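# Results of the structural survey
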Amino acid sequence: MYAMQRTMQTTNRKAEVIAFISLISCLSMGFTANLAFSAGPLNPDFEDGVVGQTPDKWMFPPAAAQSGYSASLTKQNPKNGTMCAIIQSGDKPKPGGFGNLMQKIDAAPFRSKRVRFRAAIRYESSGSAGEAKLWMRADRPNKQVGFFDNMANRPVTESQWKYYEIVGDVNEDAETIFIGMTLTGSGKAWFDDVSFEIVGDAEKMLIESARPLTKRGQANLVAFTRLLGYVRYFHPSDEASRTNWETFSVNGVKAVENAADASELAAKLEALFRPIAPTIKTFPTDKPMPHSPIAAPSQADADLKIIVWDHFGLGAGDGKNIYRSRRITTDAPEGKFPETLAGLREPFLADIGGGVSCSVPLALFTDSKGSLPRRAAEDQKSAAAAVTKASGSGDDRATRLADVALAWTALQHFYPYFDVVEIDWDQALCVALTSAATDRDESEFLDTLSRMIAALHDGHGSVVSSIRRNRGYAPPIAWDWVENQLVVTCVKNANLGLAPGDAIISIDGKPVADAVAERERLISGATPQWIRHIALAELAEGKKDQTLTLEVEPWAKLGTRRNITLKREVPKGAVQEPRPPKIKEIEPGVFYLDLNQIQDEDFSDALPKLVEAKGIVFDMRGYPRINPIAFFSHLSEKTITSVQWHIPIVKMPDHKEMKFERQGEWQITPTEPSLKAKKAFITDGRAISFAESVMGIVEDYKLGEIVGGPTAGTNGNINNLTLPGGYTIVWTGMKVLKHDGSRHHGVGIQPTIPATRTRAGIAAGRDELLERAVQAVK
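Residues numbered from 1 in each chain as written. Predicted model: local features only at pLDDT ≥ 70, side-chain atom pairs only at ≥ 80, totals over all residues. Heavy atoms only, no water.

### Details of helix 4 (residues 215-234)
Note the threshold: In DSSP terms, a helix is any run of H or I states spanning at least four residues, a strand is any run of E spanning at least two, and both are numbered starting from the N terminus. Each helix should span, by expectation, one fewer than its residue count multiplied by 1.5 Å. Summary of the burial criterion: residues with accessible area below 20% of their type's maximum are buried, those above 50% are exposed, and those between are partly exposed, where the area comes from a 1.4 Å probe applied to protein chains only.
In this model helix 4 runs 29 Å from its N-terminal to its C-terminal C-alpha over 20 residues, within 8% of the 28 Å that 1.5 Å per residue would give. Within helix 4, 16 of the 20 residues are buried, leaving the element largely enclosed by the surrounding structure.

### Describing the sheet that holds strand 14 (residues 356-360)
Put simply, the rule is: At least two bridges found by DSSP between two strands are what make those strands a pair. Every axis in this analysis is a line fitted to C-alpha atoms, fitted for helices over the stretch in contact. Angles between the N-to-C directions lie between 0 and 180 degrees. Contacts were defined at the residue level, with two residues in contact if any of their heavy atoms lie within 4.5 Å.
The 3 strands are arranged 10-14-13 in an open sheet whose pairing can be described as antiparallel. The two strands at the open ends of the sheet, each matched to only one other strand, are strand 10 (281-284) and strand 13 (348-353). Adjacent strand axes in the sheet meet at a mean angle of 25° when their direction is disregarded. The sheet contact formed by strand 10 and strand 14 spans 4 bridges and is antiparallel. What sits directly across from Lys281, in strand 14, is Ser359. Across the face of the sheet, helix 4 comes into contact with strand 10, strand 13 and strand 14 while running at roughly 155° to strand 13.

### Some details on the environment of Pro284
Residue placement: Pro284 occurs in strand 10. In this structure Pro284 comes out as buried when scored by relative accessible area, which is 13%. A C-alpha to C-alpha distance of 6.1 Å links Pro284 and Ser357, two positions 73 residues apart in sequence. Excluding residues within four positions of it along the chain, Pro284 makes contact with Ala262, Ser263, Ala266, Gly355 and Val356.

### Quick look at the sheet that holds strand 33 (residues 678-683)
Strands belonging to one sheet form pairs held by backbone hydrogen bonds; the direction of such a pair is parallel or antiparallel. Taken in spatial order, the 6 strands make up an open sheet running 26-27-28-33-34-38, and their pairing is mixed. Sheet topology places strand 26 (583-587) and strand 38 (753-754) at the edges, where each strand pairs with a single neighbour. Taken together, the 4 bridges between strand 26 and strand 27 (residues 590-594) define a ladder with antiparallel strand orientation. Within strand 27, the position partnered with Glu587 by the bridge is Val590. Across the face of the sheet, helix 14 (residues 600-611) comes into contact with strand 26, strand 27 and strand 28 (615-619) while running at roughly 170° to strand 27.

### Some remarks on the pattern of salt bridges
Opposite charge on two side chains permits them to pair, given that their charged atoms come into close proximity. Rule in force here: A carboxyl oxygen of Asp or Glu within 4 Å of a side-chain nitrogen of Lys or Arg is what we treat as a salt bridge.
Throughout the structure, instances matching the rule amount to 40 salt bridges. As a salt-bridge pair, Lys133 and Glu131 come within 3.2 Å of each other at their nearest N and O atoms. Residue Lys133 shares its accessibility class with Glu131, and that shared class is buried. A cluster of three or more residues bridged by salt bridges with shared partners is formed by Arg579, Asp594, Asp619, Arg621 and Asp767.

### Here we look at the layout of surface pockets
Note the following rule: Grid spacing is 1 Å over the protein atoms alone, the probe is 1.4 Å, and a cavity is where that probe fits but cannot get out, while a pocket is an open set with protein on both sides within 12 Å along at least five of seven lines and lining residues have an atom within 4 Å of a point. Grid points are joined across faces, edges and corners, and a volume is the space filled by probe spheres set on the points. Throughout, the ten residues Ala, Val, Leu, Ile, Met, Phe, Trp, Tyr, Cys and Pro are labelled nonpolar, Asp, Glu, Lys and Arg are labelled charged, and all others, Gly among them, are labelled polar.
Here the second largest pocket defines a volume of roughly 650 Å³. Along its surface, the second largest pocket is lined by 22 residues, and Arg471, Glu518, Arg519, Glu538 and Glu541 are the ones closest to its centre. Elements with a contribution of two residues or more to the lining of the second largest pocket: helix 11 (442-454), helix 12 (512-520) and helix 13 (528-540). Taken together, the residues that form the lining of the second largest pocket break down as 6 nonpolar, 4 polar and 12 charged.

### Examining the side chain of Glu692
We apply this condition: In this tally, Asp and Glu contribute negative charge and Lys and Arg positive charge; neither His nor the terminal groups of the chain are included.
With respect to the helices, strands and loops of the structure, Glu692 is situated in helix 16 (residues 690-701). Here Glu692 occupies a buried position and makes no salt bridge, while the nearest side chain of opposite charge, Lys738, is found at 8.0 Å. Residues contacting Glu692, with those up to four places away along its chain left out, are Ala687, Thr711, Ala712, Gly713, Thr714, Asn715, His744, Gly748 and Ile749.

### Section: the packing of aromatic side chains
The condition that has to hold: Working definition: rings of Phe, Tyr and Trp (its six-membered ring) pair if their centres are within 6.5 Å, and the pair is stacked with planes under 30 degrees apart, edge-to-face with planes over 60 apart, and tilted otherwise.
The full count for this structure, using the stated rule, is 24 aromatic pairs. Feature note: the residues Trp408, Tyr415, Tyr417, Phe418 and Trp425 constitute an aromatic cluster, connected by ring pairs.

### A look at the nonpolar core
Condition: Side-chain atoms within 4.5 Å link the members of a nonpolar core, which is a set of buried Ala, Val, Leu, Ile, Met, Phe, Trp, Tyr and Cys residues.
Phe224, Leu269, Phe273, Phe603 and Phe632 are the most contacted members of the largest nonpolar core, which totals 126 residues. Formed by 38 residues, the second largest nonpolar core is a distinct cluster that contains Tyr69, Ala85, Ala132 and Met181.

See the structure below:
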């Protein structure tokens, strides 16, 4: 069932993506407006309050309770004192939900200071994957997010009390600080002995100006990027698992860019990575170094094990998706390497560019004190410094280069569609690094990241940033690409001087074809129809009351031109083309159901009438809200299943030996009454993800005619990774295949009755696809 529940949430709508990537999405729903400021955490030891109720001075947002979680005081085994806090899930926590116990702190006393948020936590699972995390966020003016850390790369999974901490720099203009603990998945997490203190002055953010990369500098950064991915995701040392990779990467690009040749680059890389990966080797490719299988170190104690990374997708997001990354151990009695991991006994060898190669162990021995070999004292100090989270800015050159490296490596090892998309991903890295080095500011860099993600040809692929969050308004019209023109399809009121059917020739003096092409270069999509759909939406978006000037050819006066200036004054998406009511008998015996509007109770209430219908048209031009299990149980007289979901199982770098685990598909059994009417489903290129799961069943089981155009060709649960400077990349984290195992990505669901709109039809107020669907069921 999880695939249904999660896929229903995986659209590329920007608002939903933003909600998905934020562990504290409840903060954007007005909840914090009622929180009183404190100068530091109140009731930090949880000794004030009533057992069984929310701890005094702490807040548990309604969204967390609605998701099936609770928070209360308990006397059950506190770390200190007589009580502690506990967050626990119900029997069936809502997919995507989380528990969140939090406080709001006045940032004024902590501005420009380095602070440490520390607490004791223990966690117990109750069957399904879950984890606990501390989180801290500083909010700046105008809803800008400053410092933010939610322990995404170091979640709590241990059942014994242990102290965890977040150290970070509070922005000089921060207004509020939020701290708390979250629980995702099923289980319980205990929380006690909270402290929040200043540990020093914040590091002054040095903004490095833009300058171009040299040919040697680019080669050095490519080598750093490749090694970064190998160590971060596959070298299982304790030090690497604790490293804050954002800080490490920003410092790393500065350290290696100016290496003069391969020998100097190899030396710098080894010095940089040695504190967190003591056994890696880097060397000039023309001077190979001998390497040998992993052997048990002599300083180990008797209880030896082998530790490796186990990736079920990439568990690097906010804990609200199905993916996980964890280190697992296997017994190694008497220092013998287990046969089950024989393929990982040899270090991984790779040419990483710049004339340098590397040897990276993918498995390590570990004992009761941690992974082996032990670090030298100077390395311990260096590794500890890398735990502090960087507060980067897209205006800073090193931050931009680090962001490219961090984003590229995650996708290099975990994007599941490199076997079907035509892309030179190595070249995409070089292009992005070159552009990031010379970008003038954070806004230009947003375009650089967007172009890199666009190269994936992934309909879920996008870059989320606060830079775009104020682009939430549009003019009071709707438009679409029809007969190779941008055509007005709906006008909010007749006083605008526009009418349906009018063609837009230029926008702010730029020919429409050029404006669309310029926008499409920044959009990731597996099919042209999805890219065009998003490009048209983004062309309309902008700041509130921002104007745009349109050169228009009126339908009523073909061949003439006139200019109209409109304000972006309505929320984007507010103006929609008219459709029939969500459930309507549009002709005798023929019913229309808008699956983008109806919910389960609407469908259930309509069943008695639908049973008597001769024809039913289902509108799937968009994103459905209905439960597919209940819906399809009335459309088929035999058991049916959904499309195939495949989670990547990654144990080796660079997609080597990548395997997939198939699971989570819907099993739908027939339920009375059965709808025997002739059926048609209208769809087009805006139908993506969950909508395509629904349409995939229609296609495979031939439940009705499919009228319109191909769907977006992108399905599967999304994943995400947050980068320094406030950027988050989003991509499809699993592979989805059609029922017969054939490709869906970039193909989508094809219509059985192709149908398109016309400018004349729009001007006449006709819904030509609906007309064709009605014809099909009569």
